[in-house]
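Understanding the architecture of this molecule
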Amino acid sequence: MNDNQDTVSPRLHIGGQWRDGATSWALRNPADTRQIVTQVPEATTQDVEEAVASAVRGAKIWRETPAFERGQVLAKAAAIIDRRRVEFARAVTIEMGKPIVESRVEVGRAVEQTQYFATTARHPEGYTAQLATNSEMGYTFRAPIGVVGLICPWNFPAMITNWKLAPALAFGNAVVFKPAEIAPLSATLLVEAYLEAGVPADALNLILGRGSVVGPALISHRDVAGISFTGSTPVGTRIAADAARHGKRAQCEMGGKNAIVVMPDANLDDAIAAIMVGGFGTSGQRCTSSSRVLAHREIVDELQRRMEEGVDRLVVGPGLDERTTVGPMASQQQLTDTLAGLERAVVEGAKVLRGGARLVDGEYAHGWFLEPTLLRASTAGAAFHEELFGPIVSIHEFDTLDEAIELNNAVEYGLSAAIYTRDLVAAHRFIRETDTGMVHVNRPTVGAEPHLPFGGAKASALGTSELGAAGDFYTKTRSAHLRWEV
């Protein structure tokens, strides 16, 4: 059965032409692996060479296009994505398993991002400066860096991919876009939308294929000025090192082990709702997932009881089912790795309160389903320290705010953190003393706003943040010195 009858067929886009790969492989539905979603074409290193050559040509055209016109193109792209949002959402769900309700929200966020960067392109930052005489002045301006390589993840294949594409194009760069292997449908739809909106064909190239094959070729290419990557910390660290070795800038958004701190005065209804969304949304496959709950000793048992009730209400199923709140894992490898991490946590002493196993019976028999899992654990071992990247939330207790801050900061990651409290002093101390790139008060650890930076600290990020002032990565600052009397 082909569950892709009403969805785009993925192809490479190189040099202004759509093309098939020399080889292809079958992408299977993560909710029912008997179903082949589509055939995914495989790019080669020669395809990368041609894509970069095309982008070099496209960069010359696109950077000379006035910023106002580039903004108009992005505004059209936003309208096209919005018009096709049903198709986009379905593509996201059938390729990586996310519940369709979440996919709709994701596509809506992609529209907002494109609208935002359509306007920021018209307002490049700069300043004027006085020079030595009254007949001289200086000013700064931003210029595109040239050709950028975008290496994108599978967990938010419309949203995160687009928050790279939109600013890269808005600021006049040409793009070679490499999506995750298992997310070719949404990638193809995005490229179609931008091309239909008016981005020059050479300025946007799409290469599908194995990261181990096309990734190094893209990163090492002499004509690629920068690499923006989202994915695991081990891979991101290697990419940053390789990019530095080849003399180009890199922006790497990587892993997280994010905590929600629940103080004794917290609104527990709000905290529980945040934990359910932040910990189990997207089957826990988010770098910002709320995988640790740090609960004050006074309320930890009550919080645990209500969390157990919350997990019991979750509905596991295929993403296209409107009732589903937790879909399958995105791939066999993802399921295997998460189960291995869970096993390590249990061997180290974590107590399983809910879940803890793969679902294999009935409607789950042919999918990559994992029970939503709730653990009670110490602050040592995998449950506390490892990014398990699945629907697994662990509860840990503390006595004081100082201890909570210390525990939040005790892991190698530093992406996002949250605190639930009515105490303004505690909230501000948490904001100032947590070592994370993003801090939330009475909000989940998940979420991103187009106009605010998205990025982390420590092992969660290398290079500049994304969103917000994204032009910092996609542009280079130049200074001009003028004398008008000679």
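Our subject is the structure listed above.
Since we're looking at a predicted model, the values are computed, not measured.

Some points on the pairing of strand 7 (residues 147–151)
Burial analysis of strand 7 places five of its five residues in the buried class, the great majority of the element. Two elements, strand 7 and strand 8 (residues 174–178), share five bridges in a ladder whose sense is parallel. Looking at strand 8, one finds that Ile-151 is bridged to Lys-178. Handedness of the strand 7-helix 5 (residues 159–170)-strand 8 crossover: right-handed.

Let's talk about the sheet that holds strand 21 (residues 438–441)
As summarised here, the arrangement of the seven strands in space is 14-17-18-13-12-20-21, forming an open sheet in which the pairing is mixed. In this open sheet, the two edge strands, each paired with only one partner strand, are strand 14 (351–354) and strand 21. Across the sheet, the axes of successive neighbouring strands diverge by a mean angle of 25 degrees, strand direction being ignored. Alignment of strand 14 against strand 17 (residues 373–376), held across three bridges, turns out to be antiparallel. Residue pairing for strand 17: Lys-351 is matched across the bridge by Arg-376. Packing against the sheet, helix 10 (residues 300–313) makes contact with strand 12 (259–262), strand 13 (292–296), strand 14, strand 17 and strand 18 (392–398), and its axis sits at approximately 165 degrees to strand 17.

Details of the packing of aromatic side chains
Applying the stated criterion to the full structure yields six aromatic pairs. Measuring from centroid to centroid gives 6.0 Å for Tyr-139 and Phe-141, while their planes differ by 45 degrees, and the two rings are tilted. Given a relative accessible area of 30%, Phe-141 falls into the partly exposed group. Judged by centre distance (5.1 Å) and plane angle (65 degrees), the ring pair of Tyr-364 and Phe-369 falls under edge-to-face. Positioned above the aromatic ring of Phe-156, the side-chain terminus of Lys-98 is 3.7 Å from the ring centre. Above the face of the Trp-25 ring, Arg-210 is positioned so that its terminal group lies 4.6 Å from the ring centre.

Some words on unusual backbone geometry
Only a minority of non-glycine residues have a phi that is not negative, and only a minority of peptide bonds are not trans. Of note in this structure, Thr-282 is not a glycine but carries a positive phi near 55 degrees. With respect to the helices, strands and loops of the structure, Thr-282 is situated in the loop between helix 9 (268–280) and strand 13. Unlike most non-glycine residues, Phe-389 shows phi in positive territory, near 55 degrees. Assignment of secondary structure puts Phe-389 in the loop between helix 12 (382–385) and strand 18. Assessed through its relative accessible area of 18%, Phe-389 is described here as buried.

Definitions and limits used
- Residues numbered from 1 in each chain as written.
- Predicted model: local features only at pLDDT ≥ 70, side-chain atom pairs only at ≥ 80, totals over all residues.
- Heavy atoms only, no water.
- Buried < 20%, exposed > 50% of the residue type's maximum accessible area, 1.4 Å probe, protein only.
- Helix = DSSP H or I, 4+ residues; strand = E, 2+ residues; numbered from the N terminus.
- Pairing = 2+ DSSP bridges.
- Right-handed = clockwise from strand over helix to strand, strands pointing away.
- Axes fitted to C-alpha atoms, helices over the stretch in contact; angles between N-to-C directions.
- Contact = heavy atoms within 4.5 Å.
- Phe/Tyr/Trp six-rings, centres within 6.5 Å; stacked < 30°, edge-to-face > 60°.
- Lys NZ or Arg CZ within 6 Å of the ring centre and 35° of its normal.

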